[in-house]
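# Tertiary structure, described
Residues per chain are reported as follows:
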Amino acid sequence: DKLLERGGEYAAHFSGLCGVACTVLDAAERTFRFSSASPRFCQGCSHPRCQESHTHLYGSSEAYRWNGKYIYYCPLGLVFVASSVSDDTGGLCGSLIAGPMVMGNPADTLMELSEPAMADAITRLPVFTTSKVNDLAEILAAVTGYIAGLPHSRAGSFVYEQEKMLNTIYTLRGRQAEDETAVNYPITYEKQLH
């Protein structure tokens, strides 16, 4: 709760600085706890395939998986940035969700809009370039890392360890293919990887 409360404070600052709505999502409760915008844009969305909690829980899970940040589109074609907040054990407890925003040319977004009733609301959203959205994601990830006080996820280090083991196996296999007497294949690495 304390981490998510701190997230709420920083979400308000982040929104004030960038002009983008920022919300705290509680991953365990699957609810939005704090929001810089009331009502949230997604609450008024009329897209039939969009379920706010599913869309943003997916973004949060991917942010956790990809070491703290994830840029994604909602079914309307609007951009969001999720940045995971880890608890003291390194598990996902929540995330900060920034958005929606239009990335690129607003006319393109409106032309491809599958829900014309949302056009007026979309014209009032902030517009960012691709590089600005990436900058926003980096800063949001730094903020959530600071809030948690530890690296973003256990998943990130797990993937890194798997990659190291795979590289070792491939290197040794390559050496063995070149000269069968040069090295014995370490089956223990393959068992660890499995």
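Summarised in this report is the structure supplied together with it. Quick caveat: nothing in here was measured; it's all calculated off a predicted structure.

Rules used in this analysis
- Residues numbered from 1 in each chain as written.
- Predicted model: local features only at pLDDT ≥ 70, side-chain atom pairs only at ≥ 80, totals over all residues.
- Heavy atoms only, no water.
- Buried < 20%, exposed > 50% of the residue type's maximum accessible area, 1.4 Å probe, protein only.
- Helix = DSSP H or I, 4+ residues; strand = E, 2+ residues; numbered from the N terminus.
- Pairing = 2+ DSSP bridges.
- Expected span 1.5 Å × (residues − 1).
- Contact = heavy atoms within 4.5 Å.
- Salt bridge = Lys/Arg side-chain N within 4 Å of Asp/Glu carboxyl O.
- Arc of directions from axis to C-beta.

### A closer look at the pairing of strand E5 (residues 92–103)
- Here E5 lies mainly inside the structure; ten of its twelve residues are buried.
- In the sheet, strand E1 (residues 22–26) pairs with E5 via five bridges, with the strands oriented antiparallel. Bridge assignment links Cys22 to a residue of E5, and that residue is Ala98.
- Pairing analysis gives seven bridges linking strand E4 (residues 79–86) to E5, with the strands arranged antiparallel. Paired with Val85 across the two strands is Gly94, which belongs to E5.

### Description of helix H5 (residues 130–148)
- Between the first and last C-alpha of H5 there are 27 Å, a value that for 19 residues agrees with the 27 Å anticipated at 1.5 Å per step.
- Along H5, the residues that are buried comprise Val133, Leu136, Ala137, Leu140, Ala141, Val143, Thr144, Gly145, Ile147 and Ala148.
- Residues of H5 that are buried in the fold lie against helix H1 (2–18), E1, strand E3 (70–73), E4, E5 and strand E6 (127–128).
- Immediately beyond the C-terminal end of H5, within one or two residues, lies Gly149, with a positive phi of roughly 75 degrees.

### Overview of the pattern of salt bridges
- Within this structure, the stated rule accounts for four salt bridges.
- In this structure, Arg33 and Asp26 form a salt bridge, with 2.9 Å as the shortest nitrogen-oxygen distance.
- According to the relative accessible area criterion, Arg33 is partly exposed, its value standing at 30%.
- The shortest N-O distance in the salt bridge between Arg65 and Glu62 comes to 3.3 Å. Placement of the pair is Arg65 and Glu62 together in helix H2 (residues 52–65), with a separation of three residues, close to one helical turn.
- Residue classification places Arg65 among the partly exposed residues on the basis of a relative accessible area of 45%.

### Quick look at H1
- Spanning 17 residues, H1 covers 24 Å between terminal C-alpha atoms, matching the ideal 24 Å at 1.5 Å per step.
- Listed as buried for H1 are Leu4, Gly7, Gly8, Ala11, Phe14 and Ser15. Along the long axis of H1, the arc covered by the buried residues comes to 135 degrees, so they all point the same way. Every exposed residue of H1 that faces more than 90 degrees away from the buried side is listed here: Lys2, His13, Gly16 and Leu17.

### Some remarks on the pairing of E4
- The buried count for E4 comes to eight of eight residues, which makes it a mostly enclosed element.
- Of the two faces of E4, the one holding Val79, Val81, Ser83 and Val85 and the one holding Phe80, Ala82, Ser84 and Ser86 are both buried throughout.
- Taken together, the four bridges between E3 and E4 define a ladder with antiparallel strand orientation. Each residue of the ladder has a partner; that of Tyr73, found in E4, is Val79.
- In textbook terms, the turn of a hairpin is the stretch between consecutive antiparallel strands, and for E3 and E4 this stretch comprises five residues, one of which, Gly77, has a positive phi near 95 degrees.
- Here E4 hands over to E5 after five residues, with Gly90 in that stretch at a positive phi of 95 degrees.

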